[in-house]
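Observations on chain architecture
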Amino acid sequence: MRVLAINDISCVGKCSLSVTLPILSACGVTCDVLPTAILSTHTGGFEGYTFHDLTGEIPAVLKHWQSLNLKFDFIYSGYLGNIEQIEMVRQIKRSFLSQNGVFVVDPVMGDSGKLYAGFTPDYVAKMCELCHEADYILPNVTEACYLADIPYPLNKNTVQIALNKLRTICRRPIVTGLTENNTVSVCFVNENGEVQTYEHENVAGFFCGAGDVFASAFVGCLAKGKNEQTAVQLASDFTTAAICRSATEVADKRYGLNFETEIFSFLKNINK
Ligand code: PXL
């Protein structure tokens, strides 16, 4: 199985490609990468980070890949540096996804009810177009509200409305990080059209990169032949275990999750 991960490199802060590569490799899946930008750190809570946009490099990379006749079984896109790159990802999907390949879009745009630095309503509209081409989309609650154009936040009732709206954009939306009372859940629509919720105890605090750990593990599980429901469960268990560990072991949460220590248990669960 060959996955193309399109995401940024945040040199410090354990998100995007820095978590996708080790997680997919550990799953035994080839992970090729298309970096969208290089940042000194991610943008969540650090001041003065650098940002080098790689849009200009992408056409030459793709031209070379065309000459190699490359095809990918999965394409998974995350943080894209600008609107132009969203259109590029659309073209990449059309040119490089193998027949019966799976396209997973994590519409990385915001968190805690707000868009990340540098993202605009035009970006949201263009991301919505990309989501139309995806087999799965993995928005967090903030991104789900922006895509479905409904007020933030969601609860267990309103997530149904959000999922119904999201299903007009993509057949298989999966909403992550729904927090209510003491729980955090992942919500999706199962094969019978029913909303299904997979729940864990909520650990207070904001954990950068948790969405990327979940998405990478989800793609890894699909690539290992798991169905959607099992992939959601395995990826959520892994992400939750990493969050619980990080709550006590990582003093400054901007530096990301201690996911490495949980990879072995995750793999054992995949291979059970
Ligand atoms: O984890 C999402 C993410 C990815 N990439 C960059 C980010 C963020 C979240 O803040 O800043 C550059």
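Here, every reference points to the structure presented above.
Residues numbered from 1 in each chain as written. Predicted model: local features only at pLDDT ≥ 70, side-chain atom pairs only at ≥ 80, totals over all residues. Heavy atoms only, no water.

Broken down by element type, the chain carries 9 helices and 11 strands. Over its C-alpha atoms the chain spans a radius of gyration of 17 Å, differing by no more than 12% from the 19 Å that the globule rule assigns to 272 residues. Relative to its full complement of 272 residues, the chain shows a buried share of 53%. Considering only contacts within the chain whose residues lie at least 6 apart along the sequence, 67% involve residues at least 24 apart. Of note, the chain has its 21 positive side-chain charges centred 5 Å away from the centre of its 28 negative side-chain charges. (Helix = DSSP H or I, 4+ residues; strand = E, 2+ residues; numbered from the N terminus. Rg over C-alpha atoms; globule rule 2.2 N^0.38 Å. Buried < 20%, exposed > 50% of the residue type's maximum accessible area, 1.4 Å probe, protein only. Contact = heavy atoms within 4.5 Å. Lys, Arg positive; Asp, Glu negative; His and termini not counted. Charge placed at Lys NZ, Arg CZ, Asp CG, Glu CD.)

What follows covers the site of the ligand. Taken together, Asp-8, Ser-10, Cys-15, Ser-16, Leu-39, His-42, Thr-43, Gly-44, Tyr-79, Val-108, Tyr-116 and Asp-212 make up the full set of residues adjacent to the ligand. Measuring from a nitrogen atom of the ligand, one finds a side-chain N or O atom of Ser-16 at 3.3 Å. Thr-43 has a polar side-chain atom sitting 2.7 Å from an oxygen atom of the ligand. Within the complex, 94% of the 310 Å² of free accessible area of the ligand lies under protein. Taken together, the residues of the shell around the ligand break down into 5 nonpolar, 5 polar and 2 charged. (Near = heavy atom within 4 Å. Polar contact = N/O pair within 3.5 Å; in protein donor to acceptor, adjacent residues only side chain to side chain. Areas by Shrake-Rupley, 256 points an atom, 1.4 Å probe, with all protein chains shown as cover. Nonpolar A, V, L, I, M, F, W, Y, C, P; charged D, E, K, R; others polar.)

The next subject is the packing of aromatic side chains. Evaluated as defined, the whole model comprises 10 aromatic pairs. Consider the rings of Tyr-116 and Phe-119, whose centres lie 6.4 Å apart with planes at 65 degrees: the pair is edge-to-face. Residue classification places Phe-119 among the buried positions, given a relative accessible area of 11%. Here the aromatic rings of Phe-119 and Tyr-123 are separated by 4.5 Å at their centres, their planes lie at 90 degrees, and the arrangement is edge-to-face. A single burial state applies to Phe-119 and to Tyr-123, both of which are buried. Members of the aromatic cluster, each reached through a chain of ring pairs, are Tyr-79, Tyr-116, Phe-119 and Tyr-123. (Phe/Tyr/Trp six-rings, centres within 6.5 Å; stacked < 30°, edge-to-face > 60°.)

The full count for this structure, using the stated rule, is 15 salt bridges. Measuring nitrogen to oxygen at the nearest pair gives 3.8 Å for the salt bridge that ties Glu-129 to Arg-90. Of this pair, Glu-129 sits in helix H4 (residues 121–131) while Arg-90 sits in helix H3 (residues 83–96), and the two are 39 residues apart along the sequence. For Arg-90, a relative accessible area of 18% corresponds to the buried category. Glu-262 is the salt-bridge partner of Arg-245, the closest N and O atoms lying 2.8 Å from each other. Placement of the pair is Arg-245 in helix H8 (residues 228–249) and Glu-262 in the loop between H8 and helix H9 (263–270), with a sequence separation of 17 residues. Note on Glu-262: relative accessible area 12%, which makes it buried. Residues participating in the shared-partner salt-bridge network are Glu-87, Arg-90, Lys-93, Arg-94, Lys-126, Glu-129 and Glu-133. (Salt bridge = Lys/Arg side-chain N within 4 Å of Asp/Glu carboxyl O.)

Relative to the helices and strands, Ile-243 resides in helix H8. Residue Ile-243 is classed as buried on the basis of its relative accessible area, which comes to 17%. Considered as a pair, Ile-243 and Leu-257 are 14 residues apart in the sequence and their alpha carbons are 6.3 Å apart. Excluding its chain neighbours within four sequence positions, the residues that come into contact with Ile-243 are Val-203, Phe-207, Ala-210 and Leu-257.

Strand order in the open sheet formed by 9 strands is E3-E2-E1-E4-E5-E8-E9-E10-E11, with mixed pairing between adjacent strands. Two strands bound the open sheet, and with one partner strand each, they are strand E3 (51–53) and strand E11 (195–201). Inspection of the sheet shows strand E4 (residues 72–77) paired to strand E5 (residues 97–105) by 5 bridges, in the parallel sense. Residue pairing in the sheet places Ile-75 in a bridge with Phe-103 of E5. On top of the sheet, helix H6 (residues 158–166) reaches strand E8 (136–137), strand E9 (172–180), strand E10 (183–189) and E11; it is set at about 160 degrees to E9, its chief contact. (Pairing = 2+ DSSP bridges. Axes fitted to C-alpha atoms, helices over the stretch in contact; angles between N-to-C directions.)

As for its position among the elements, Gly-177 is in strand E9. Considered as a pair, Gly-177 and Glu-199 are 22 residues apart in the sequence and their alpha carbons are 9.6 Å apart. Not counting the four nearest positions on each side in its chain, Gly-177 is found in contact with Val-141, Val-184 and Ser-185.

Within a regular strand, the side chains alternate between the two sheet faces. Taking burial as the measure, the 9 residues of E5 include 7 buried ones, the bulk of the element. Handedness of the β-α-β unit built from E4, H3 and E5 comes out right-handed. As judged from the 2 bridges shared by E5 and E8, these two strands associate in the parallel manner. Bridge assignment links Val-105 to a residue of E8, and that residue is Ile-137. (Right-handed = clockwise from strand over helix to strand, strands pointing away.)

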